[in-house]
Amino acid sequence: VENFQMDLSMVNSMLEEQLNTREAYSLVACRWLQSNTQTWQTWLPKASECLPRFGVYDPQSGFLADPNGDSETNDLECRACETGSYSLRSRDKNGSTFICETCPPGTAQELPGALSCDLCPKGNFQDLHGSSSCKPCSIGSYQDAKGQSACKDCPSGTTSIGLASQSISECGCNEGTINVGRQPPLLKDDIRCVTCNEGIRCPFASSIDALRSGTSPLGDRFLPTIQRGYYSTVDQPLIIFKCRKTWQCPGRVPGQCARGRTEIACAQCPAGETWMGNSCADCNLWVTGAWVVGIVVFLMIVTCSYYVVSNHISPRASLSESVGMIALVMLNAAQCLAIIGLLDLSWPSEVEIFFSTSQLFILDLDLYGLRCIMGSTFSNYLFTVLLVPATQLWLVLCCVASSFLAKDRQWSWPKVSSTMGSLLLSAFSTTTMVALTPFMCYAHPNGSRSLLKYPEKLCDEPGALDTTGLVMLTLYVAGFWVVCVYGVCCLPSWMIQRRREMVLSFRFLIFRLRVDSWWFEVVWMLRGPSLALVILLWADQTAVQVYTLCFCFAICLLLQTFTWPWKVPIMNSFDALVSLCLLSLVVVSPSARQDGEEASTVVMALFATVISVLVLLVIFVIVHRGALHEQNVFFNLGPVEFPHELRAKMQLFTGELQKVRNSKIERVLGQMSVHDLRLISSSLDLLVAEIIPEPEQPSDVTGATGSPTAGAAHGRRISIQILNRSQTMSFASGPEEPVPEEQVEEVTLAPLHSAPAEGLSAGHEPVVEKPATDRENEDVASNSTVGKSRNIVSIKC
């Protein structure tokens, strides 16, 4: 357009032609162009003179970056610049022109015919020439400036949420770590990522400010939270404590406790408050009054326990002994249940109720407002420890006070000792748990350890709690068990020596047991301590605890079923059933099975049913005093023959046995099972010990003679000598009064295989008049306890 030059004569010439020809202006102009080629060709630009948005183009080599350079052809032309380039003014030999220049790194142009390239925006970069678009920064990098050829890497341990991050603030700590530096970060040094401990949920881009406030600028998806069952303070939110009960610590933000609780791991109520079932409440006079009444009732029960204890030792269970056996089994089951409740497992709510209630039986009294009375943790623990010596001291004071009463109402020291032993034996598992309390610690995620019973108390340094627990462990756990072992070992010799006071002092060890299981108490009392040791040794290894508890319960169950120790037969069945329920409860625990919650609920229901039956059994025994009669099929688990029937069978058997050849007896015995042979041996030992009298004159016993009488006496002495490793049966409360010889009745019976005698017909019992002396001494044993002997020789009747 700039080169277009036409004078007025040329214009007039074309107008005149149009008037003459009357043709269209375009035809007139076309003829002019055709006839004046030399004129208008000077108007056209050269081939290399390009306009803006265009560039010099060589069909053979493409766009030329230098129009003055040698071209492979003279057929240059101008073309619109492509994407990734822009039109740049230049000069060649013909004058001013434009060339297409590629976009440099950091820029891009997506449109053709552009006059410039666009800078890459923030979060993008371009490291190549002639790009039509920019690249977004990859994950783990950012770019906070425009027109850059590369992105900046996020600080170590961090990454970005996605592509094209525009600021360092978009670089967040990796999942599982949290930023404890400045928020929002401005420099790389402002970001410091630390690993999150157990108990904190740290998603990507977690920060300590978001943890404290409970909100995140990126949304709840990126909000770090304290997990349920864990606790941390607001000042130190990353120091995590594990709560013993999940419901106590709701989590989410630091410093949160449920239902008004406070302190480390939400372990206690605030000062001046106590736990009232489901929340903390202010201490009041009702709580104090309830404790005063409870202490008085406790002392009354301790006092009454003296009168429940009997001086008599016999192979048959009395009413008080039967009630005591049932109560002991229930108490021990409740103690074991409380120990199982210490496992770090998520039990169903129905099962958790039983565990919480059973904590009373291991003296976890914080649930009953003890803190209102005692205050501090040490005072609470000291109170539970002093309950044991206080009980003993109370019995001693009562015994001393009774010396001012009439002689028939005075307390005896042996019976007081037996009462103390019975109470300590019944609470042995509880005493063990109380003594081990300062040593039962569990680990927090922050590395510290807290007491299992008092989580607010850390186990870092020894203190008064440890000293108190060690003293109790020495005196009332290890010491008491050693005394019991000593008593069990010495009881046989004391009985032979007729040391009545010593026997009565240790009566609590044997009066509930059968003759052939007189040692069972010292083994059975270790069940609770063994469970407590499992909790102590593997406090942080729940799986190991579960497997070890299963092993302990299995051993106890096998021992109980093998010995069948209790005097009342049905109590052996109930004791085995209780042990089986406890074993099943551990086996189906949530740690051992995926469906453990449902299964544990079923087992706990069965356990509750067994305990309910035991309670009803106590009531039944008290109401029906004759329930323990030897003919009670339910309590004896089957019928039992009358004494006179057994006596008749034994006398008849003795006569019949003498008619059988020794070779036949030996052959038949050789064909019997081991179990049958043991039964026969035990029966013979018992008969020798309790029925056959000792020789009056030692000189009559001459083992060298080899006579049957001498052999019988020798077997009798051997049986007595091995008493310390056999069983006890009875102990007389007074000396025996022998039955006059003229009052002994001779009875002759028909052979066992013959028809029943007239006196033994169905529905009738033989009537034998008992002498007066015999009736008075019916329940008093005449000799010391004797048991199994494997060295019995032949007896001639």
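Counting restarts for each chain, with residues numbered from 1 along the sequence as it is written. Under the rules for a predicted model, residues below a pLDDT of 70 receive no local features and side-chain atom pairs below 80 are neither given nor counted, while totals for whole chains, interfaces and linings still include all residues. Hydrogens and water molecules were not included; the side-chain quantities draw on all heavy atoms of the structure.

Here a strand pair is declared whenever DSSP counts at least two bridges between the two strands. Each helix is a run of DSSP H or I of at least 4 residues and each strand a run of E of at least 2, with the numbering of both proceeding from the N terminus. In this structure, strand β4 (residues 85–92) lies alongside strand β5 (residues 95–102), joined through 8 bridges in antiparallel fashion. Following the sheet pairing, L88 is matched in β5 by I99. The turn linking β4 back onto β5 is made up of 2 residues.

So, on to the sheet that holds strand β1 (residues 54–58). Backbone-to-backbone hydrogen bonds join strands into a sheet, with any given pair of strands oriented parallel or antiparallel. The 3 strands lie next to each other as β2-β1-β3, forming an open sheet whose pairing is antiparallel. Sheet topology places β2 (62–63) and β3 (77–80) at the edges, where each strand pairs with a single neighbour. Bridge count for β1 against β3 is 4 bridges, and the pairing is antiparallel. Note that in β3 the partner of V56 across the bridge is C78.

Residue position: T377 is located in helix α9 (residues 377–402). Think of it in three bands: residues with accessible area under 20% of the maximum for their type are buried, residues over 50% are exposed, and the middle band is partly exposed, with areas taken using a 1.4 Å probe on protein chains only. Look at T377 and you get buried, because its relative accessible area is 13%. In the structure, T377 is positioned 77 residues away from Y454 in sequence and 7.3 Å away in space, judged by C-alpha atoms. Residues are treated as being in contact if the distance between any of their heavy atoms lies within 4.5 Å. Setting aside its immediate chain neighbours within four residues, T377 contacts R371, Y454 and E456. Polar contacts, as used here, are pairs of N or O atoms within 3.5 Å; protein pairs need one atom able to donate a hydrogen and one able to accept it. Residues neighboring in sequence count only if both atoms are side-chain atoms. A distance of 2.8 Å separates the side chain of T377 from the side chain of E456, its partner in a polar contact.

With that out of the way, let us pick up the nonpolar core. Across soluble globular proteins, nonpolar side chains have a tendency to be buried as a group. Of all hydrophobic cores here, the largest spans 65 residues; its most connected members are F607 and L614. Broken down by secondary-structure element, the contributors of at least two residues to this core are α6 (319–340), α7 (349–358), α11 (428–436), α14 (520–524), α15 (527–537), α16 (542–563), α17 (569–587) and α18 (596–623). If one sorts the elements of this core by residue count, α6 sits on top with 11 residues. In contact with F607, not counting residues within four places along its chain, are A333, L337, V578, C581 and L582. In terms of nonpolar packing, the next biggest core, distinct from the first, is built from 32 residues, V388, Y476, V477 and I510 among them. Take the buried residues of types Ala, Val, Leu, Ile, Met, Phe, Trp, Tyr and Cys, join any two whose side-chain atoms come within 4.5 Å, and each joined set is a nonpolar core.

Attention now moves to the state of the cysteines. In plain terms, two cysteine sulfur atoms within 2.5 Å form what is called a disulfide here. Scanning all chains against the criterion turns up 13 disulfides. A sulfur-sulfur distance of 1.8 Å marks the disulfide that ties C50 to C78. Disulfide C50-C78: torsion about the S-S bond near -95 degrees, hence left-handed. Residue C50 is found in the loop between α3 (37–40) and β1, and its partner C78 is found in strand β3; the two are separated by 28 residues along the sequence. Classification of C50 as buried rests on a relative accessible area of 5%. Linked covalently through their sulfurs, C441 and C459 form a disulfide whose S-S length is 2.2 Å. Looking down the S-S bond of the C441 and C459 bridge, the torsion is -105 degrees, so its handedness is left-handed. Note that C441 is positioned in strand β22 (residues 441–443) and C459 in the loop between β23 (449–451) and α12 (464–496), a separation of 18 residues in sequence.

Only the contacting stretch of a helix is used when fitting its axis, a line to C-alpha atoms as for every element, and angles between N-to-C directions run 0 to 180 degrees. Where α11 contacts α15, the axes come no closer than 8 Å and their chain directions differ by 25 degrees. Compared by their axis directions, α11 and α15 come out roughly parallel. The handedness of the crossing between α11 and α15 comes out as right-handed. Counted together, F428, S429, T432, M433 and L436 of α11 and G528, P529, A532, L533 and L536 of α15 form the full contact between these two elements. Its residues placed into classes, the contact of α11 with α15 shows 7 nonpolar, 3 polar and no charged. An angle below 35 degrees is read as roughly parallel, one above 145 as roughly antiparallel, one from 65 to 115 as roughly perpendicular, and any other as oblique. By convention the crossing between two helices is left-handed if the near helix lies anticlockwise of the far one by an angle smaller than a right angle, and right-handed if it lies clockwise. Only Asp, Glu, Lys and Arg are considered charged in this grouping, and only Ala, Val, Leu, Ile, Met, Phe, Trp, Tyr, Cys and Pro are considered nonpolar; every other residue, Gly among them, is considered polar.

It is worth stressing that arrangement in space is one thing and function is another; only the former is reported here.
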